[in-house]
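Coordinate inspection notes
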Amino acid sequence: MAGKTQHKGEKSLWDIAIDLSAVPAYLEGEEANSASEEATLVFLGSQNSGKTSIALRLSDRDEQTKRTIALEYSYSRLNRGSKLSRDVIHMWELGGGTSLLKLLEIPINPSTILSLVIVLVVDLSQPEIMWVTLETLLQSLRSRVDLVLKEIGDVSLINTLQERAIARVGGEHRDRDMLNLFPTPLVIIGSKYDVFQDKFDSEKRKVICRTLRFIAHTNGAALHFCSTKIDGLMQRSRALLGTTAFSSATL
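Here goes a summary of the coordinates provided. A quick note: this is a predicted structure, and the numbers were derived from the prediction, not measured.

**Comments concerning the overall build of the protein**
When helices and strands are counted, the protein shows 7 helices and 7 strands. The buried share among the 251 residues of the protein stands at 46%. Contacts spanning at least 24 positions in sequence make up 74% of the contacts within the protein whose residues lie at least 6 apart. As displayed, the protein offers around 12900 Å² of accessible surface, 50% of which is attributable to carbon and sulfur atoms.

Shown next, in the form of structure tokens:
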């Protein structure tokens, strides 16, 4: 990552990896009080799928997107409602598609597991690689989360995550026994919706949408389509991620 310009609010992978425990230092000062909440969002998915654009919109940063190399960290403070303090979102973006999944051990760890939200971004315009990408990423994410929970070894924490997962889909859901709920909040975003609409006929679009809905449903995930060229959809993406980040901890 040498030679890349770092923007305010960003740290390189190497800075973070040296002392991961230093991340909460951003909360020092009068804003770091008991009224503030924190959330950790991990963005990953297809290469060139728009992960950076979605993360920038969430943090209200007007910057030109650049290619994500390895794992990058940034943070954002959000004002919510009438709160005097601002909540903090720690955002990690994994580049390389499915080639750098080993790096998930940095953002997904015992200290983040209760505030963790996974944002899986897939390119709707490339269904030929979308399914393999989804399957590979979901398997790796489950393995990493399971390893963290095993490392913690706290039955009450595991029960808390299970209760939250059930609450997200509804405790009385008729399909509850057939679902394989992801332990933490999971959002699947289908990007390049404008290209998707123009590129495929209605029947192929239906098949793709139904398959994505099935994957989201069985994992207890939220599903949303967006496009960087459709501002309304980007605003909805921002609202969805902000709500998901800070509602999960209160379930």
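Here the narrative resumes.
**So, the pattern of salt bridges**
Scanning the model with the defined rule gives 4 salt bridges in all. A salt bridge links Lys102 to Glu105, with the shortest nitrogen-to-oxygen separation between them at 3.3 Å. Taking the relative accessible area as the measure of exposure, Lys102 reaches 64% and is therefore exposed. For Glu105, a relative accessible area of 38% puts it in the partly exposed group. With a closest N to O distance of 3.2 Å, Asp123 and Lys192 form a salt bridge. One end of the pair, Asp123, is in strand E5 (residues 116-123); the other, Lys192, is in the loop between strand E6 (186-191) and helix H5 (193-199), with 69 residues separating them in the sequence. What makes Asp123 buried here is its relative accessible area of 2%.

**Quick look at helix H4 (residues 155-169)**
Along its 15 residues, H4 runs 22 Å from first to last C-alpha, staying within 8% of the 21 Å computed at 1.5 Å per residue. Buried-residue contacts for H4 involve helix H3 (127-152). One or two steps after H4, the chain reaches Gly170, where phi turns positive at roughly 105°.

The rules behind the values
- Residues numbered from 1 in each chain as written.
- Predicted model: local features only at pLDDT ≥ 70, side-chain atom pairs only at ≥ 80, totals over all residues.
- Heavy atoms only, no water.
- Helix = DSSP H or I, 4+ residues; strand = E, 2+ residues; numbered from the N terminus.
- Buried < 20%, exposed > 50% of the residue type's maximum accessible area, 1.4 Å probe, protein only.
- Contact = heavy atoms within 4.5 Å.
- Areas by Shrake-Rupley, 256 points an atom, 1.4 Å probe, with all protein chains shown as cover.
- Salt bridge = Lys/Arg side-chain N within 4 Å of Asp/Glu carboxyl O.
- Expected span 1.5 Å × (residues − 1).

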